[in-house]
Every structure is written in C-alpha cells, then in structure tokens.
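Listed below, chain by chain, are the residues.
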Amino acid sequence: MHPRKPSPPVPRATLSIRAKPIDDRAQKFFAPCPRGLEAVLAAELAALSAHAVVATDGGVAFQGPFALGMRVCLWSRIASRVLWQLAEAEYRHEEEIYRLARGVDWPHLFSARETIRVQVDAIRSPLRSLEFVTLRVKDAVVDRFRAAMASRPSVDTSRADMRIHVFLTAYKATVYLDLAGEALFKRGYRRDGLAAPLRENLAAGMLALMGWSGQTPLLDPMCGSGTLLTEAAMIAMNMAPGAQRGFAFEKLRQFDADAFRRMREDAAAGLRPLAPGLLTGNDRSAEAVASTRRHLQNLGGDALLAAVTLTQEPLESLAAPAAAGVLLSNPPYGERLEEQQTLKAWYPALGAWLKRSLAGWRVAFITADRAFPGGIGLKPTRRTPLFNGALDCRLYEFELYAGSRRTDRAPSS
Ligand SMILES: C[S@@+](CC[C@H](N)C(=O)[O-])C[C@H]1O[C@@H](n2cnc3c(N)ncnc32)[C@H](O)[C@@H]1O
C-alpha cells in the first residue's frame, strides 16, 4: 500500500467483497488526547503493550498488531480516539493527496452501506483550502468504491460510521481511519447534560497525573455531575472505560468478532467491587448530587452507588473522610466578571478549610484562574498546564503536611 505507487486497477465486481487479512506486523496508530496528558497517555499505552510509543503535541504515536488498536479503544482512559494509519506520503498539492487517499483499498476495509466523514487537520500546510482537500479525499474514497462496485458510501457529517482523518504537515500527508467512532471520552454512562462537566478522559488523566490508582481515599468536594468520581470508580474496579459502548472497528470487514468478544469477556472477568469508603463526593447543589448518583447508577448499579459516600453541603462544613488521601476537584470558574469576583472573595475560605480539615492530604484543583493558589494562600508543589476544551487551565497540586504549616502563605485576597 505504498502511497506513491499508482494503485493497480481494481476489477469492478458485483460479488460481495471479502475482508483481506491484515498484515499483523506492526501497524501504526496515533492516539490524540487533551493537551497536557501526552506523557500519562504514553505510559498508559506502554502498559497496554504498545511499541514505539512516541509522545508529541496533542497525542501519542504507537505501533503494534491490529488487535492492539482494539484493546486501546476498549482500555484507554486518556486517549480521545485511536487513529489507524493507512497511508503516508510527501505532497505538494491537492491532487497528490487525492492519489494518496485513492491508493487505499477502501472497499476491502468497509462496505458501501457505511456512511463516511472526512476531517482534515493541518499544521503549517501551504495549501489554501482545507475544505477543498476534504472534498478531494471524499472523492478519492468514493471513486475507489465506484471502480470496484456499483454502490458507494454516502457522507454523514454528524454520526458517520467511518471517520477518515487526514493530517497535513508542511510537506507530509497521513491518512487515518478512526477505530473508535464516537470520541472515546463518551463512555456510555452519561445520559444527561448538567452544565460544564469535565471530559471523562481529562478527569482520568488528572487522576493519572496524581498517581491515583485506587489504593488511597479520594475526595471530590465539588463533584458536579461526578466525572472524577465515576472515572475513579472505573479505575478502582478495574473496569474497562469502553465496556459500555461500541466502536467503529466493529463495522470493518476484517473485524474479528470472536477475538473482541474474548477481550470484552476478559475485561468483565477482571472486574472487582469498589471498596466502601474509598470514594467520597459532595456538592452543595442537589441537582449536581442527583446527577452524580445517576451516573454512578448507570455505571455500576445499586452496588456501586452504595459503595460511594455522597453528601450535599457547602464544602466548608465537610470533615475529612480519612486521615490521609487525595482531594481532586474542579472548582467553579466564573465566565462573567461578577462571578469571578465572588469566587475570588471565596478562595480564602476554601484555603482555610483545606488547612483546617485536610492536613496530611495531597490536594489538586484544575482551574483556569491563575490567581487561585494566591487566593487560597497555598504554594503549589506542581502546576501542570492542561486544556479543558479550549480553556487554558492548570492542575495545581498542594501538599498539606500534617502538623506543619510549611506551605502556608497569607491569602493574597
Ligand atoms: C465546575 S463544577 C464541577 C464539574 C464536575 N467536575 C463535573 O465534571 O461535572 C463546580 C461545582 O462546584 C460546586 N460548588 C461550588 N461552590 C461550592 C461549595 N462551596 N461547596 C460545595 N460545592 C460547591 C457547584 O455546585 C458545581 O457543581
């Protein structure tokens, strides 16, 4: 499938096309992720036995057999998607990209009944119009189908079965097929839309940055719809994040349903119950607590709900649920100026509560407000740049030493 060779003529066939076995030497993949999580995603992929793992800006390249792509879709908590590389070549103009995409044997990958969507992203590409490239890549896929059979896939820009990604650098074009389908942060348990939830893979990445692996108590005192708690529950229960959803690769001709059923069965066999007392959530809003309950219920039924401690009160009146543990939270971030002023006025009370109630805990907050550490009067031990969607945030970590106040500073507001 070398992209530079002209593709051989494909016989026009009306007979159904059989899947070609995939060359199961190292296939190339790229897993995009929220910026700031590349290193923890690389570690996660290495633990899933990926080879040639290379973190770059916004994602991680890796290699392995095709089945690894399926395993990463099922098991990665941090990747946003898994892109399977189909072709790559240098280019100067749109027609070379057309030929590169035309060279991929699409009719052997999926049937003309599947809908398609093409997405082109570029960094420093000299080409004028990415929309035109998108159109030419779509033409290439359709032309390749037309040459092989009477039917062709149609385009669906919102819920396509097959998402084709093209990535352009200044001189190189790479064609990928998205094995995940819907983005991987959609785990399947969230069925309502309470405002401003964290993306699930960002929450999982924050837990990974804190080194939380389900051994120590975890508290989210402003849990909102419970994203951090549900991700933590999945980690502690060794639950595959993709256990409750399907993937685009299940519609590929070569899909090995038996192998994937075994992968799902192995995942189900490895499930452990959640230890009561490990996870504590709180929010002052009744609506937020109800949403967290629903999500835990969707994820693990009554047993999971019963194992998580949930309260509804202002955090200032909460007592620490254990002598030591990890507090991880996503405080409100005001969009409007008055909201930001109200928040800033509240920070000293938050700082005072942390010092009063959580000595001995490791504490971290994700926020876009750079005045946060000064506001709560604590010096961060680490600050990690992270993007929450388009919001340029920091994960601020603090150590609250038991019996000592070495990190304390006077609140600046
Ligand atoms: C940005 S949201 C958290 C979103 C959450 N991480 C999620 O993924 O759904 C902040 C939450 O903090 C809660 N909150 C704000 N001030 C609080 C306080 N003093 N005590 C308890 N909860 C508070 C709000 O009700 C809101 O649900």
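Above this text sits the structure in question.
Structural notes, computed from the coordinates. (Residues numbered from 1 in each chain as written. Predicted model: local features only at pLDDT ≥ 70, side-chain atom pairs only at ≥ 80, totals over all residues. Heavy atoms only, no water.)

### Looking at the sheet that holds strand S3 (residues 59-64)
Link 1 in the chain: Spatial ordering of the open sheet is given by S2-S3-S1-S4-S7-S6-S5, a layout of seven strands whose pairing is mixed. Strands at the two margins of the open sheet, each flanked by one partner only, are strand S2 (51-56) and strand S5 (116-122). Here the average twist between neighbouring strands, direction ignored, is 25°.
Link 2 in the chain: Here S5 pairs with strand S6 (residues 162-168) via seven bridges, running parallel. If you follow Val118 over to S6, its bridge partner there is Ile164.
Link 3 in the chain: Packed on one face of the sheet, helix H2 (residues 66-75) meets strand S1 (27-32), S3 and strand S4 (83-90) and runs near 140° to S3.
Link 4 in the chain: Along the sheet face, helix H5 (residues 130-148) touches S5 and S6 and points at about 140° away from the line of S5. (Pairing = 2+ DSSP bridges. Helix = DSSP H or I, 4+ residues; strand = E, 2+ residues; numbered from the N terminus. Axes fitted to C-alpha atoms, helices over the stretch in contact; angles between N-to-C directions. Contact = heavy atoms within 4.5 Å.)

### Structural notes on the site of the ligand
Link 1 in the chain: If you check the shell around the ligand, you find 22 residues, and the closest are Leu198, Ser225, Thr227, Asp283 and Leu315.
Link 2 in the chain: Between the ligand and Arg284 there is a distance of 3.2 Å, counted from a nitrogen atom to a backbone nitrogen or oxygen.
Link 3 in the chain: Here the ligand has 600 Å² of accessible area as a free molecule, and 89% of this is covered by the chains.
Link 4 in the chain: In the shell around the ligand, the residues fall into 11 nonpolar, seven polar and four charged. (Near = heavy atom within 4 Å. Polar contact = N/O pair within 3.5 Å; in protein donor to acceptor, adjacent residues only side chain to side chain. Areas by Shrake-Rupley, 256 points an atom, 1.4 Å probe, with all protein chains shown as cover. Nonpolar A, V, L, I, M, F, W, Y, C, P; charged D, E, K, R; others polar.)

### A word on the pattern of salt bridges
Link 1 in the chain: According to the stated counting rule, one finds 21 salt bridges in the structure shown.
Link 2 in the chain: Between Asp143 and Arg146 there is a salt bridge, with the nearest N and O atoms lying 4.0 Å from each other. Residue Asp143 and its partner Arg146 are both found in helix H5; the two are separated by three residues, about one turn of the helix. (Salt bridge = Lys/Arg side-chain N within 4 Å of Asp/Glu carboxyl O.)

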